[in-house]
Amino acid sequence: MTPSFDFRLLGPPVLLRNGKPVHLLKKPLALLAFLTMEQARPHERVTLSELFWPDFPESRADNSLRQALHALRKVLDAPGGPPLFPDSRTSVMINPDHPLRIDGQKLDRPPASCPFFHDPEHCPPARPGSILVSESSARLLKEQFRLSEADDFRILGTRKKGFFLLDFSGEYAPEEGHRPLFGRDRELRFFSELSVRDRGGVLVLEGEAGIGKSALVRAFLDRASFHEGPIRDDRMFPPVCGTSPFLFPWSGMFRTQSGSDGKLWKLPEAAPPRSYVRSFSLPEEEDGRCPSGSFFSLPPLPGFPASGPFRAFCPPEEISKVIRSILRVRAGESSFLLLVEDLHWIDLSTGELLRGVLSDPFFTKKVFFLLTTRTGEDPSWLSRVPDLRKIRLSPLMEEDSRAMIRSMSSDAPLSDAEISRVVRTADGVPLFIEELTRERIEERREPPRGGTPAIPATLSEVLASRLERHAGARPLLQRAALFGRTVPMDLLRALSPESPELFDALLRQVVLSGLVRTEPDPSGETFTFRHALIAEAARSSLPAAAQKLLHRKIAETIRDRFPDRSAVHPEIVARHFEGAEEWAEAVDWFEKAARGTYLKGAFPESEHLLEKAFDLLHRCPDSPEIRNGEIRRLILQGSLFIERYGYGSLMATQVFRKALSLVEPGSGLSEDAFSALYGICETLYGGNDLREIRRITDSFVEAAAKTASSDFQIASLFADGRVAFWEGRFGHSLDRFDQYMEMEEYSAGQTAGIRENGRDQAIGYRLWGFWFCGKYRSAGNLLESVLEQVSGSETSFFKQGHVLTFAMVLLRYFRLPGRIIPVADVLLESIRIHQTEGWFSSERGFRGWAMVMKGDPAGIPLIIQGLRLARNSHHIAEIKYLSLLSESYLVLGETDKARGVADSALRFSEKSGTHFFDAELWRMKGEFALKEGKRKDARECFGKAIGISRSQGARALELRAVTSMGRLLGEDGEQKKALELVSGVFDLLDGPESDPSLPDIREALELRRDLS
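Residues numbered from 1 in each chain as written. Predicted model: local features only at pLDDT ≥ 70, side-chain atom pairs only at ≥ 80, totals over all residues. Heavy atoms only, no water.

The chain is annotated in an unreviewed UniProt entry as ORF1012 of Leptospirillum ferrooxidans.

Draft legend 1. Quick look at the overall build of the chain. The helix and strand tally for the chain stands at 45 helices and 19 strands. Looking at the chain as a whole, 59% of its 1012 residues are labelled buried. Counting only contacts in the chain whose residues sit at least 6 apart along the sequence, the fraction spanning at least 24 positions is 69%. As displayed, the chain offers around 41,000 Å² of accessible surface, 51% of which is attributable to carbon and sulfur atoms. (Helix = DSSP H or I, 4+ residues; strand = E, 2+ residues; numbered from the N terminus. Buried < 20%, exposed > 50% of the residue type's maximum accessible area, 1.4 Å probe, protein only. Contact = heavy atoms within 4.5 Å. Areas by Shrake-Rupley, 256 points an atom, 1.4 Å probe, with all protein chains shown as cover.)

Draft legend 2. Here's a closer look at helix α21 (residues 544–561). With 18 residues, α21 should cover 26 Å at 1.5 Å per step; its first-to-last C-alpha distance of 25 Å lies within 8% of that length. Along α21, the residues classified as buried are Leu550, His551, Ile554, Ala555, Thr557 and Ile558. Each buried residue of α21 sits inside an arc of 160° when the element is viewed along its axis, so together they form one side. The exposed set on the far side of α21, more than 90 degrees from its buried face, consists of Ala545, Leu549 and Arg561. (Expected span 1.5 Å × (residues − 1). Arc of directions from axis to C-beta.)

Draft legend 3. Local environment of the pattern of salt bridges. On inspection of all chains with the given rule, the structure shows 58 salt bridges. Lys390 is the salt-bridge partner of Glu206, the closest N and O atoms lying 3.7 Å from each other. Placement of the pair is Glu206 in strand β12 (residues 201–207) and Lys390 in strand β16 (residues 388–392), with a sequence separation of 184 residues. Assessed through its relative accessible area of 4%, Glu206 is described here as buried. A salt bridge links Asp896 to Arg899; the shortest N-O distance between them is 3.3 Å. Pair noted here: Asp896 and Arg899 are both in helix α39 (residues 895–912), with a separation of three residues, about one helical turn. What emerges from the salt-bridge pattern is a single network uniting Arg694, Asp698, Asp720, Glu727, Arg729, Asp735 and Arg736. (Salt bridge = Lys/Arg side-chain N within 4 Å of Asp/Glu carboxyl O.)

Draft legend 4. Quick look at a nonpolar patch on the surface. The grouping of Leu828, Phe840 and Leu869 at the surface amounts to a nonpolar patch, some 200 Å² of accessible area in total. Within the fold, Leu828 resides in helix α35 (residues 817–834). We classify Leu828 as partly exposed; its relative accessible area is 33%. (Patch = residues over 30% accessible without salt bridge, like charges linked within 9 Å, V, L, I, M, F, W, Y side chains within 5 Å.)

Draft legend 5. Structural view of the packing of aromatic side chains. Tallied over the full model, the rule gives 28 aromatic pairs. Taking the centre distance of 5.2 Å and the plane angle of 40° together, the rings of Phe725 and Trp768 count as tilted. Linking Phe725 in helix α30 (residues 710–727) with Trp768 in helix α32 (residues 754–772), this pair joins segments that are 43 residues apart in sequence. Ring geometry for Tyr765 versus Phe806: centroids 5.1 Å apart, planes at 65°, classification edge-to-face. Taken together, the residues span a long stretch of sequence, with Tyr765 in helix α32 and Phe806 in helix α34 (residues 797–814) at a distance of 41 residues. One exposure class covers both Tyr765 and Phe806, and it is buried. For Lys592, the ring lying beneath its charged end belongs to Trp589, and the centroid distance is 3.8 Å. Over the ring of Trp583 we find Arg619; its NZ or CZ atom is 4.5 Å from the centre of that ring. (Phe/Tyr/Trp six-rings, centres within 6.5 Å; stacked < 30°, edge-to-face > 60°. Lys NZ or Arg CZ within 6 Å of the ring centre and 35° of its normal.)

Draft legend 6. How the structure looks around the pairing of strand β2 (residues 14–17). Inspection of the sheet shows strand β1 (residues 5–8) paired to β2 by four bridges, in the antiparallel sense. Residue pairing across strands places Arg8 opposite Val14, the latter belonging to β2. Where β2 lies against strand β3 (residues 20–22), three bridges are found, and the strand directions are antiparallel. Following the sheet pairing, Arg17 is matched in β3 by Lys20. Between β2 and β3, which pair antiparallel one after the other, the connecting turn spans two residues, and Asn18 there sits at a positive phi close to 55°. (Pairing = 2+ DSSP bridges.)

Draft legend 7. Broad picture of unusual backbone geometry. One non-glycine residue, Glu581, lies in the positive phi region at around 60°. Tracing the chain through its elements places Glu581 in the loop between α23 (570–579) and α24 (583–599). In this structure Glu581 comes out as partly exposed when scored by relative accessible area, which is 42%.

Draft legend 8. Quick peek at empty space enclosed by the protein. Throughout the structure, instances matching the rule amount to eight cavities of 30 Å³ or more. Estimates place the volume of the largest cavity at around 260 Å³. Around the largest cavity, the lining is made up of 21 residues, and of these Tyr647, His802, Thr805, Trp839 and His874 lie nearest the centre. Split by residue class, the lining of the largest cavity holds nine nonpolar, nine polar and three charged. (1 Å grid on protein atoms, 1.4 Å probe; cavity = no way out; pocket = protein on both sides within 12 Å on 5 of 7 lines; lining within 4 Å. Points joined across faces, edges and corners; volume = space filled by probe spheres on them. Nonpolar A, V, L, I, M, F, W, Y, C, P; charged D, E, K, R; others polar.)

Draft legend 9. Highlighting the packing of helix α37 (residues 859–873) against helix α38 (residues 878–891). The contact between α37 and α38 brings their axes to 9 Å, and the two run at 165°. With respect to α38, the element α37 is oriented roughly antiparallel. Note that α37 runs across α38; the crossing there is left-handed. Counted together, Ile860, Ile863, Ile864, Gly866, Leu867, Ala870 and Arg871 of α37 and Glu878, Tyr881, Leu882, Leu884, Leu885, Ser888 and Tyr889 of α38 form the full contact between these two elements. Among the residues making up the contact of α37 with α38, the classes are represented as 10 nonpolar, two polar and two charged. (Axes fitted to C-alpha atoms, helices over the stretch in contact; angles between N-to-C directions. Parallel < 35°, antiparallel > 145°, perpendicular 65-115°, else oblique. Left-handed = near helix turned anticlockwise from the far one by under 90°.)

Draft legend 10. Molecular detail of the pairing of strand β15 (residues 367–374). Burial within β15 is extensive, with eight of its eight residues counted as buried. Judged by which residues are buried, β15 turns out to be covered on both faces: Val367, Phe369, Leu371 and Thr373 on one side and Phe368, Leu370, Thr372 and Arg374 on the other are all buried. Relative to β15, β12 runs parallel, the two sharing seven bridges. Along β15, the bridge assignment pairs Leu205 with Thr372.

Draft legend 11. A look at the nonpolar core. Ranked by size, the top nonpolar core spans 183 residues in total, and within it Phe527, Phe529, Trp768, Trp771 and Phe772 carry the most contacts. Residues lining this core come from more than one domain, with at least three contributed by each of domain 3 (482–542) and domain 4 (543–621). Other than its neighbours up to four places away in sequence, Phe529 contacts Leu477, Ala480, Ala481, Gly484, Arg485, Leu515, Val516, Arg517, Ile534, Ala535 and Ala538. If you look at the next biggest cluster of nonpolar residues, it comprises 28 residues, including Leu35, Trp53, Leu69 and Val92. (Core = buried A, V, L, I, M, F, W, Y, C linked by side-chain atoms within 4.5 Å. Domains from an automatic or database assignment.)

Draft legend 12. Here's a closer look at the sheet that holds strand β6 (residues 100–102). Strand order across the open sheet formed by four strands is β3-β2-β1-β6, with mixed pairing between neighbours. With one partner strand each, in any of the chains shown, β3 and β6 form the two edges of the open sheet. Direction aside, the axes of adjacent strands within the sheet are offset by 30° on average. Where β1 meets β6, three bridges bridge the pair, whose relative direction is parallel. Bridge pairing links Phe7 to Ile102 in β6. Across the sheet, helix α3 (residues 58–76) is in contact with β1, β2, β3 and β6; its angle to β2 comes to roughly 40°.

Draft legend 13. Seen up close, the sheet that holds strand β18 (residues 516–519). Spatially, three strands are ordered β17-β19-β18 in an open sheet, and the strand pairing comes out antiparallel. Where the open sheet ends on each side, the last strands, each with one partner, are β17 (486–488) and β18. Looking at each pair of strands side by side, their axes are set apart by 20° on average, direction ignored. Inspection of the sheet shows β18 paired to strand β19 (residues 526–529) by four bridges, in the antiparallel sense. The residue bridging Glu519 from the neighbouring strand is Thr526, located in β19.

Given below as structure tokens:
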């Protein structure tokens, strides 16, 4: 009898099969709704993957589409009935002969004018020239863009909200007041020819400081007509204390791309806030934080107040996706040029994101990237960007230098002798020429006392000479320079002892001199040195003792008068306490900065800031407070090493042991001692001795039981459950994790991040535990929930490596290789963004296994690579990779290699005490024996597998072993014995946890049917 299918869209969306609801995830359900409403025509697969997964790489989007279609076929294809989708490799449409009934009215389909769907499930019409985003994305972007709420619409029977990002323009606007450019005609012609000839590409302009890179770029942009396409501008600024907040410079592109440079803010003269230091003047209220505000510290847009806190742990992936999506939209509209200046100041995470963009042919074929950097200071990854062109600026020729001097001194012409002296001294460096010429002009206006001064021989000397001419304003310049090239004006006023009237007079003087400029900004007025070298000269003119006092004043002023800013950027306070030689204060503030960046997923930056703290620690006098602080920092550092390099990180082991050694003897199980002991237990998973892990875990559990701390007891449940899993005690493990989740839900405490990081792992071990205990549906439902959270950015960066690995392992247990590839793609992206190389073993190994299972032997080297990496990062899990390799060799018909690898895995199991997969290894050995015709040996191996699985309570492994043995017995004519054996697992086949769509269940059902 052919089943009936009903798809109800009026009210809550429901798919019914024979009148009973069928569960589908959101994406397959949305895809089905779209296809049923557009049955009249086929839809290209490429179009559907781009529409529903716009932020995914092409291969991953295609895989996601295939999975969604497979989920629909599994539910809606009936044996003997018409298929839901006609066979086609290039397009998809609903089969008009399929008996699917739909009660809903047709939905508005997304028009071609809608250029971008950040959340493709929300697809109302978009206004021309605007970008449509979902409500969740609007929360992310509300402080970066002006938003307009879209009309309510219905999708899958549910009312949804959408928002438009308005004024999506923000093209480069030529700046006024620049001096003419001299001696760069050849470079300008080359730029123009290149931009006209090539739609995309990467061009790097390098040169020494002051050589005129920015001036050349501005001249080119002022003259350029880049295929009549737009020009975007993003500039890096000097880092503070050696590191900038990750991804911060992209905020400039955010605002430029959204059109916020002027008309959006009702400030036509306002410059977009691109500088990290400028961002320091932006307040950030705790209850109004959102990822973009947390990353960029940009102010909320008037008229669109914050509606509440946004989850603080998703910015890295979300910000990266939005930036790449904006670029992708612009590249699709027309060709354009993106300028990124001063790469030598780029932070690590921004560099990684830019490297990924520059390595993607989609962007480099459609976007012309113009980058500037100082010679010898460009980031190391730049040399690995494909098809990169580089131009090095040389000094100006003598005639060009003379022309530049004459142009600057046209109102008060210099003599030929004076011009010759400037030319000889400046040696063709435009900034040097400019400052020497200005100095000569100022000398004429105010002749120096005491005779004719000597001509400065270096750029630093001429800058010092110019500062000397403004002696009255020099303290103001020095105060500003010690903070940085750009200073918030309200902070500079707070640091200055002058009266407001005198401050304003001095400010006018230095602005007229050309040394600095003031810039209006949405966050408040800023004070900016015209060139970084001018700031360096002002800073170096301040004596060391005076610098020390001023550093202290800056740090205390920020801490006491601007507490909101010190909370946002503690590394700035740390740098100034360091300059003041207030070592203990500096260490504490560097720790705050490290902890903040760690919690935001900026692991490289966090590591750098911690190193700064430890470098200064030896200068602090010994005290209990210093020792306690060191323990705290060591625990943070150990956690960071595990996140980045895996459990096998020797550095993590060393710092946790050092932290434990610093705990005062007889102090009991303090929080510090507990965290250090827990960290040591974590690092032991990088070794190969599970018995040692059990010994330490038992002492850990015993100590926690003697305390009243629920945090300690919860962590001990996790530790005990984890080691029990690897031992093969699956029932005990699952029981411990169930207790963990129950206690964790009702306890509000936190202990050094242990609880936050343990929760996701507990979910993962429950995933595995469900499967091993034969709870297939529970495992599948939890898996889908976990993957949905990851795809919806509801999982923190801490969780992603763990969760995605747990998911791939379970998909391998389910024998679903086609679903592993897209999960591995997500994991690879997470590794790249957070630079967590410890997860490469999972990504390599399981990707390789999936490739082999799908018929590609090129997966074998990936599995071997994963195995080698696992021995360094998570040695206790070596059996996982050996079993992957053994099974892959078996599939490829290389039985001898398969047997050898399986024997190695069993030897490791015996040596390490890691017995969780012994039953499957013995079953695989039986399959090897069958391949060679050794049926007696096969029976022995299968029998041993059955015995081990039953003793461990590993019902899923028992089912596999019973199926292999039953098939062998049936082939040997012992059907009755085989059926009796299979009857012991009937509960797995017919019970509520059975899932016939899984290969293990399906094969066992077929065996039972054949035997009957």
